[in-house]
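Read off the chains here:
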Amino acid sequence: MNNEHKIVQQVYAAKEDVQAADRLIGTYLPFIKTETAKFLKRPPIEGHDDELSIAMIAFHEAIGGYSRTRGAFLKYAAMLIRSRLIDYSRREQRHSRVISLDAPAREEDTTLGEVLVGERDPHEETASRDATRAEIEELARQMKEFGVDLSNVADNCPKQQRTLDACRKALQYARENPELLDDLLKTKRLPIGQLAAGSGVERKTLERHRKYMVALLLIYTNGYEIIRGHLKQVMKGVAAR
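Heads up: these notes are all about the structure in this document. As the structure is a computational prediction, the values presented were derived from the model and not from experiment.

Remarks on the packing of aromatic side chains
And then number 1: Applying the stated rule across the entire model yields six aromatic pairs.
And then number 2: Both rings, one in Phe 59 and one in Phe 73, keep their centres 5.5 Å apart while their planes meet at 85 degrees; by these two values the pair is edge-to-face. Placement of Phe 59 in helix α4 (residues 50–65) and of Phe 73 in helix α5 (residues 73–98) is noted, with a sequence separation of 14 residues between them. One exposure class covers both Phe 59 and Phe 73, and it is buried.
And then number 3: Look at Tyr 66 and Phe 73: their rings are 5.3 Å apart centre to centre, the planes differ by 85 degrees, and that puts the pair in the edge-to-face class. Taken individually, Tyr 66 and Phe 73 each receive the classification buried, so the pair is uniform in this respect.
And then number 4: Taken together through their ring pairs, the aromatic side chains of Tyr 12, Tyr 28, Phe 31, Phe 59, Tyr 66, Phe 73 and Tyr 76 make up a single cluster.
And then number 5: Its guanidinium or amino end placed over the ring of Tyr 12, Arg 68 lies 4.4 Å from that ring's centre, counting from NZ or CZ.

Digging into the packing of helix α3 (residues 29–40) against α4
When two helices pack together, their arrangement is given by the angle between the helix axes and by the axis-to-axis distance.
And then number 1: Where α3 meets α4, the closest approach of the two axes is 9 Å, and the angle between their N-to-C directions is 125 degrees. Classed by the angle they form, the pair α3 and α4 counts as oblique. In terms of crossing hand, the pair formed by α3 and α4 is right-handed. Touching Leu 29, Phe 31, Ile 32, Lys 33, Thr 36 and Leu 40 of α3 are Glu 51, Leu 52, Ala 55, Met 56 and Phe 59, all from α4.
And then number 2: Along the lines of polarity and charge, the residues of the contact of α3 with α4 split into eight nonpolar, one polar and two charged.

Regarding the state of the cysteines
And then number 1: Overall, the coordinates contain zero disulfides when judged by the stated rule.
And then number 2: The thiol sulfur of Cys 167 is not disulfide-bonded, and the nearest other cysteine sulfur, from Cys 157, lies at 8.1 Å.

Regarding the environment of Lys 33
And then number 1: Structurally, the position occupied by Lys 33 is in helix α3.
And then number 2: Taking the relative accessible area as the measure of exposure, Lys 33 reaches 27% and is therefore partly exposed.
And then number 3: Setting aside residues no more than four positions away along its own chain, Lys 33 makes contact with Pro 44, Glu 46 and Leu 52.

Conventions we followed
- Residues numbered from 1 in each chain as written.
- Predicted model: local features only at pLDDT ≥ 70, side-chain atom pairs only at ≥ 80, totals over all residues.
- Heavy atoms only, no water.
- Phe/Tyr/Trp six-rings, centres within 6.5 Å; stacked < 30°, edge-to-face > 60°.
- Helix = DSSP H or I, 4+ residues; strand = E, 2+ residues; numbered from the N terminus.
- Buried < 20%, exposed > 50% of the residue type's maximum accessible area, 1.4 Å probe, protein only.
- Lys NZ or Arg CZ within 6 Å of the ring centre and 35° of its normal.
- Axes fitted to C-alpha atoms, helices over the stretch in contact; angles between N-to-C directions.
- Parallel < 35°, antiparallel > 145°, perpendicular 65-115°, else oblique.
- Left-handed = near helix turned anticlockwise from the far one by under 90°.
- Contact = heavy atoms within 4.5 Å.
- Nonpolar A, V, L, I, M, F, W, Y, C, P; charged D, E, K, R; others polar.
- Disulfide = S-S within 2.5 Å.

In structure tokens form, the structure reads like this:
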């Protein structure tokens, strides 16, 4: 039995057993610390750095959200840890800025809030870019299993608002019925009949935009938090999980 296969077996066992999950987290604590250190640019300190706790929670979340269709477990876990740490960092930065946003930043009347508009943390930007790139690469790899690539999705995107709204409606129905997402991952086929019947969207519309719908549905399986965040901004009609 190779090492990756052994890890997958342990992960699936941990899905159903809380104690097994705790043991798995303990076994891979060095891995979790390493991923946290990459983000902090230094080793995390137990009991001091909240980031380590966030990373451990993300690893546990990875256990629950993992399936063999996602590829190597540790790669998936690393991607989720980075995503959660970036989210945490952004929240903390927002909270730390709230108190003094309207305080004078200099002797002039300029406020700190105005100064911050043009300021960005280069470390956060680098981490965010790395995590986003990892998600996109993983999504591209997964889409290949369905015979779809990113250029296909761009070409297959609905051009009319009415068609876009219909695709959104079908997506919302799929999100409300997660067994359709599971079926997609298992069969590697878009469940067009079920989507059309359940959402009321014409079958020919879904067939015409199959590649676009495959990409959207894959994004709304677990593990693509950053991409879903971007989608929330451009698809106002569909709230991100």
